[in-house]
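Residue strings, one per chain:
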Amino acid sequence: MARWKALPAGLDPAVVEFVAELRRLKDTSGLSLRDLATGTGYSSSSWERYLGGRLLPPREAVESMATMVAADTARLLARYERAGDAWRRDHLDDSGAGEEPERGQEEGASAAPGVLVASGDPVASGDPGEGPRDGAAVVGKGAGSRPRNLLRQLATVGLSAAAGAVIAVLVMEPGHSASAVAVPRTTATAARPVPYTCHFVRKAGLWYAGNSATRTDHLQVDMWGPEVAELQCLLQHAGESPGGVDGNFGPLTESAVISAQKAFHLDVDGQVGPRTWAALRR
């Protein structure tokens, strides 16, 4: 059995149960991360996040894995639906404003009592995603989730205040202008909903949706901002639904990027760089 790290603290029991089942299926089948990437069309790095409990996989990825390992697809999808409901509910509760972000962020509720999971994420040892064989660890349910949530909220407030102070100093310092100050991106959990829209314009043979003119910015899961909103508009324009235009790069947006990369015959990794931008803007 592959050695696994303990799952992130605070995951809902339904999420823990689902991820533990994915790990069990991978171990019993003998598949590597490379095998999963080849068989499902989702990158090895994506599967590392799925099996590490940091991101819920798209439904298509779950169905493809079930087919590869000859698992009970209906049973696995039932667990997936319960995990998805818990993930969305936890993030709705954590938002503090009644807004629900996309699935795929890394916070959650407390872990299930007595749920058996392996003791570490895959550690490379000859084969990507495979590592030393070892025992398992039990994720227990405790009373520590509420203090952890409070600490996360305090940390978010502190980071936001620090970023604001840095920006204010740069703007006030002679020789700097407000337009030259770049606000650092953080994870989607710290973002507040912004009413982005898509206003398509064709310029010099390329499509623009009015949120960003970038053609090179690197985007990946957990990033947010107008560049992500531009990406989501262009995905919709290409016929790949990202689940809405909210400026948050979650699993639905990642799934749409992967689908577009397959359609455009690009390298499939779920991340956006110059080649993916170029294909979407044409």
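In case you missed it, the structure is sitting above this.
Along each chain, residues carry numbers from 1 onward, in the same order as the chain's sequence is written. Only residues with pLDDT of at least 70 are given local features in this predicted model, and only at 80 or more are side-chain atom pairs given and counted; all residues enter the totals for whole chains, interfaces and linings. By convention in this description, side-chain values take in all heavy atoms of the structure and omit both hydrogens and water.

A. Representation of the overall build of the protein within the structure. A run of H or I in DSSP becomes a helix once it reaches four residues, and a run of E becomes a strand once it reaches two; helices and strands are each numbered from the N terminus. If you tally the helices and strands in the protein, you get nine helices and four strands. Along the protein, helices (α) and strands (β) appear in the sequence α-α-α-α-α-β-β-α-β-β-α-α-α when read from the amino end. Partly exposed residues are those whose accessible area sits between 20% and 50% of the maximum for their type, while under 20% is buried and over 50% is exposed, using a 1.4 Å probe and protein chains only. Counting all 282 residues of the protein, 45% fall into the buried class. Contacts spanning at least 24 positions in sequence make up 61% of the contacts within the protein whose residues lie at least 6 apart. Here, Shrake-Rupley sampling with a 1.4 Å probe gives the accessible areas, and only protein chains in the shown set may cover a residue. Roughly 13700 Å² of accessible area belongs to the protein as shown, and the carbon and sulfur atoms make up 56% of that amount. Note on contacts: a residue pair is in contact if any heavy atoms of the two residues lie within 4.5 Å.

B. Inspection of the pattern of salt bridges at higher detail. The working definition used for a salt bridge is a side-chain nitrogen of Lys or Arg within 4 Å of a carboxyl oxygen of Asp or Glu. For the coordinates displayed, the defined rule picks out 11 salt bridges. In this structure, Lys262 engages Glu60 in a salt bridge whose closest nitrogen and oxygen atoms are separated by 3.9 Å. Within this pair, whereas Lys262 is found in helix α8 (residues 251-263), its partner Glu60 is found in helix α4 (residues 59-69), the two being separated by 202 residues in sequence. Accessibility expressed as a relative area gives 33% for Lys262, which makes it partly exposed. What emerges from the salt-bridge pattern is a single network uniting Glu17, Glu21, Arg24, Arg75 and Arg79.

C. Inspection of the environment of Phe249 at higher detail. Turning to its location among the elements, Phe249 is positioned in the loop between α7 (226-237) and α8. For the pair formed by Phe249 and Val228, sequence separation is 21 residues and the distance between their alpha carbons is 6.3 Å.

D. The environment of Ala86, seen in detail. Note that Ala86 resides in helix α5 (residues 73-95). On a C-alpha basis, the gap between Ala86 and Pro13 in space is 8.5 Å, while along the polypeptide they are 73 residues apart. Apart from residues no more than four positions distant in its own chain, Ala86 is found in contact with Asp12, Ala14 and Val15.

E. A look at the environment of Thr216. Its place among the elements puts Thr216 in the loop between β4 (206-208) and α7. When the C-alpha positions of Thr216 and Thr276 are compared, they lie 9.0 Å apart, and in sequence the two are 60 residues distant. Once residues within four sequence positions are removed from consideration, Thr216 is found in contact with Pro274 and Trp277.

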